[in-house]
Amino acid sequence: MELNNVKDVLVVGAGPAGLALACDLRRRGVEVLVAEKADALFPGSRGKGMQPRTLEVLDDLGVARDVLTHGGRIPVPMMWRDGERLGERPMFEPVEPTEAEPYNLAWAIPQWRTQEILHARLLRLGGSVAFGEELTGLTQDGTSVEAEFASGRRLSARYAVAADGGRSTVRRLLGVAMRGEDVAPTPMVVADVRIPGLDRDNWHTFAGEDGDGDGTFLALCPLPGTADFQLAAGLPPGSAPDLTPDGIRGLIAARTHLAASDVAEVAWSSDFRPRAALADRFRAGRVFLAGDAAHVHSPAGGQGLNTSVQDAYNLGWKLGQVLRAGAPDALLDTYEGERRPVAAQMLGLSTRIHRGQERRGEKTRQLGLTYRSGPLASGAAGALAAGDRAPDGPMPDGTTIFDALRGPHFTLLRMATDAPLPDGLPPAVRVREQPTAYAPYGKGLFLVRPDGYIGWAGEDAGGLRSWLESVGLA
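Scoring rules and cut-offs
- Residues numbered from 1 in each chain as written.
- Predicted model: local features only at pLDDT ≥ 70, side-chain atom pairs only at ≥ 80, totals over all residues.
- Heavy atoms only, no water.
- Axes fitted to C-alpha atoms, helices over the stretch in contact; angles between N-to-C directions.
- Helix = DSSP H or I, 4+ residues; strand = E, 2+ residues; numbered from the N terminus.
- Parallel < 35°, antiparallel > 145°, perpendicular 65-115°, else oblique.
- Left-handed = near helix turned anticlockwise from the far one by under 90°.
- Contact = heavy atoms within 4.5 Å.
- Nonpolar A, V, L, I, M, F, W, Y, C, P; charged D, E, K, R; others polar.
- 1 Å grid on protein atoms, 1.4 Å probe; cavity = no way out; pocket = protein on both sides within 12 Å on 5 of 7 lines; lining within 4 Å.
- Points joined across faces, edges and corners; volume = space filled by probe spheres on them.
- Core = buried A, V, L, I, M, F, W, Y, C linked by side-chain atoms within 4.5 Å.
- Buried < 20%, exposed > 50% of the residue type's maximum accessible area, 1.4 Å probe, protein only.
- Pairing = 2+ DSSP bridges.

A. Just the packing of helix α2 (residues 52-60) against helix α7 (residues 304-324), in detail. Contact pair α2 / α7: the axes reach a minimum separation of 9 Å and the direction vectors enclose 40 degrees. Between α2 and α7, the angle is such that the two are oblique. Two packed elements cross with a definite hand, and for α2 against α7 that hand is left-handed. On α7, the residues touching R53, T54, V57, L58 and D60 of α2 are N306, V309, Q310 and Y313. Looking at the contact of α2 with α7 residue by residue, the classes come out as four nonpolar, three polar and two charged.

B. Structural view of the packing of helix α1 (residues 16-26) against α7. At a closest axis distance of 8 Å, the pairing of α1 and α7 adopts a crossing angle of 30 degrees. Relative to α7, the element α1 lies roughly parallel. Regarding α1 and α7, the two cross each other, and that crossing is right-handed. Side by side, α1 and α7 meet where P16, A17, A20, L21, D24 and L25 of the first sit next to L305, S308, V309, A312, Y313, L315, G316, W317, L319 and G320 of the second. Taken together, the residues of the contact of α1 with α7 sort by class into twelve nonpolar, three polar and one charged.

C. Representation of empty space enclosed by the protein within the structure. For the structure on display, the rule yields two cavities of 30 Å³ or more. What the largest cavity holds in volume is close to 150 Å³. Lining the largest cavity are 14 residues, and of these E56, D60, Y313, F402 and L405 sit closest to its centre. Within the residue set of the lining of the largest cavity, elements represented by two or more residues are α2 and α10 (401-405). Here the lining of the largest cavity takes five residues from α2, the largest share from any one element. Tallied by class, residues from the lining of the largest cavity come to six nonpolar, one polar and seven charged. Taken as a whole, the second largest cavity spans an internal volume of roughly 30 Å³. Considering the residues around the second largest cavity, the lining is formed by R53, V57, Q310, Y313, N314, R339, Y371, D451 and Y453. Listing elements by their share of the lining of the second largest cavity, those giving two or more residues are α2 and α7.

D. Fine view of the nonpolar core. V9, L10, V161, L319 and L447 are the most contacted members of the largest nonpolar core, which totals 92 residues. No other element matches the nine residues that α7 contributes to this core. Each residue touching L447, except ones within four places of it in the same chain, is listed here: F410, T411, L412, V429, Y453, I454, G455, W456, L464, W467 and L468. With 20 residues, the next largest nonpolar core counts A191, I195, A233 and L258 among its residues.

E. Structural detail: the sheet that holds strand β7 (residues 107-108). With antiparallel pairing, three strands are arranged side by side in an open sheet as β3-β7-β4. The sheet is open, and its two edges are formed by β3 (49-50) and β4 (72-73), each paired on a single side. Relative to β7, β3 is paired through two bridges, and the arrangement is antiparallel. Within the sheet, the bridge partner assigned to G49 lies in β7 and is A108.

The structure is reproduced here in structure tokens:
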């Protein structure tokens, strides 16, 4: 097939990272195609935990309401042994919402539903996914990337993004190494099962003979918005998983008080080995790695999908600035400079939680993640420094700061100060004023990037112009 369909960006993989990135690019007017080798969206519940920071991202992308509607609070675990309830064991302390942090707790929603919601949003934005397109070749030069597919199709794009999972074809074709370690010696099985006779009030956990870490534990978590449970079970070292419906039923019967016949349906199943690994690079020329293609987590603590979506959110506005606002290509180098240290931090956290060395809590919510030491952080004012997440809060007209930030623009917040602003700010920068002191910010000027982090801060406007120029806003 002849070379056709020249795009701004080719995204390989229609998982949460790839779909979130495509949505962000489309709302910036960037031409993007998502290529997915499977014939349909991923069918399983695998990444079911949505952290508060990711809910903020999805709020900006216009899908938070759908996620909240189709999800629910993560149930409190109920411990079982020998068919008897031992009592509840909360995974984390409850946190009340505040004006600065309106999304207070992790939210449960099966991954397949998250991808359906993002896919529908992408279609509304005029984007598309090419299903059944398996990437087989990738080359690049100084101006473009050329992709070849098993179907014979060839496509040229100015940039490409690998969002094709932990066994990324793109990463292999680029020759980028991924280094890491097994988090535990035992393989695991995950499945979506329907058990009509089991109550949905708790996350049911069945410890093995020596506790949770001996490869014989099993857990059944009700999946909100469905009639299903997510099964997660450890296997003894060296054992081979039986992923057939009868095998899954037998596993449940062997580890719990339930009979195999109590499992009405096995909708999906898979196996994996808990692993923590990080790619050596997140950028190779005109190609970027995002999500599991860049970092692979233990499922403990629910950090993998969330870190992946936030990769996309960081990269999206930068690609948009380069492709549509004339920002220098060097801006794209800051993606690796900001996201790779965060991914390494989250990998360490997931591993410690998996091994029982740390509890879920403030860190897993991801609201405290910062780019303070990153390449785009400049200045400080009041209670915040550049690189910090911009807190939510009230505005004088009855709206909120998040309302002001929502959308693909930059926002200059003038908080409790009469410091003058420079003349001729570009249209992409919207100015909002809060004359009343608000403690999470304090007094000062705060330039908020499109991804909700403060890029520049100061008590006066000195240095603001040069920061704007660095991201293509002369």
